[in-house]
Amino acid sequence: LNPRQGEAVRVFAAMLRVNTHLKSVDLSSNSLGAEGGVVLRDSLDENVNVTALDVRVNKIAPEVLAAIKDTLSRNEENQKNSKDRDKANKPKLKVTSEKR
């Protein structure tokens, strides 16, 4: 990464650590390179909401891509489990229309 790209990736990664609204991110063809892939991987460890990430054409090392994929899979599984818990804990409402 050149200095400007490196700074941009670090700023984006810092935002990704705290932005809990993003679910999917497309960073394809952004010249992230090896360093950018590592920075991105590290930020995803702190963001449990991102479940889809497109990093095609970025020259990220295969082991870093594997770690990113593992993190995204874990995030997706955690979200599924959270939704299942929410359904199980949802109060059951009984509605009657009969007058007493």
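What counts, and at which threshold
- Residues numbered from 1 in each chain as written.
- Predicted model: local features only at pLDDT ≥ 70, side-chain atom pairs only at ≥ 80, totals over all residues.
- Heavy atoms only, no water.
- Helix = DSSP H or I, 4+ residues; strand = E, 2+ residues; numbered from the N terminus.
- Buried < 20%, exposed > 50% of the residue type's maximum accessible area, 1.4 Å probe, protein only.
- Contact = heavy atoms within 4.5 Å.
- Axes fitted to C-alpha atoms, helices over the stretch in contact; angles between N-to-C directions.
- Parallel < 35°, antiparallel > 145°, perpendicular 65-115°, else oblique.
- Left-handed = near helix turned anticlockwise from the far one by under 90°.

**Side note on the overall build of the protein**
Reasoning step 1: Within the protein, the secondary structure is distributed over three helices and two strands.
Reasoning step 2: Helices and strands in the protein line up, N terminus first, as α-β-α-β-α.
Reasoning step 3: When burial is assessed residue by residue, the protein has 29% of its 100 residues classed as buried.
Reasoning step 4: Considering only residue pairs separated by 6 or more positions, the protein has 77% of its internal contacts joining residues 24 or more positions apart.

**A few points about the packing of helix α2 (residues 33-44) against helix α3 (residues 62-89)**
Reasoning step 1: Taken N-terminus to C-terminus, the directions of α2 and α3 make an angle of 20 degrees; their axes are 10 Å apart at the nearest point. Between α2 and α3, the angle falls in the class roughly parallel. For α2 against α3, the interelement crossing comes out left-handed. Of the residues in α3, those touching α2 at Gly37, Val38, Arg41 and Leu44 are Val64, Ala67, Ile68, Thr71, Leu72, Arg74 and Asn75.

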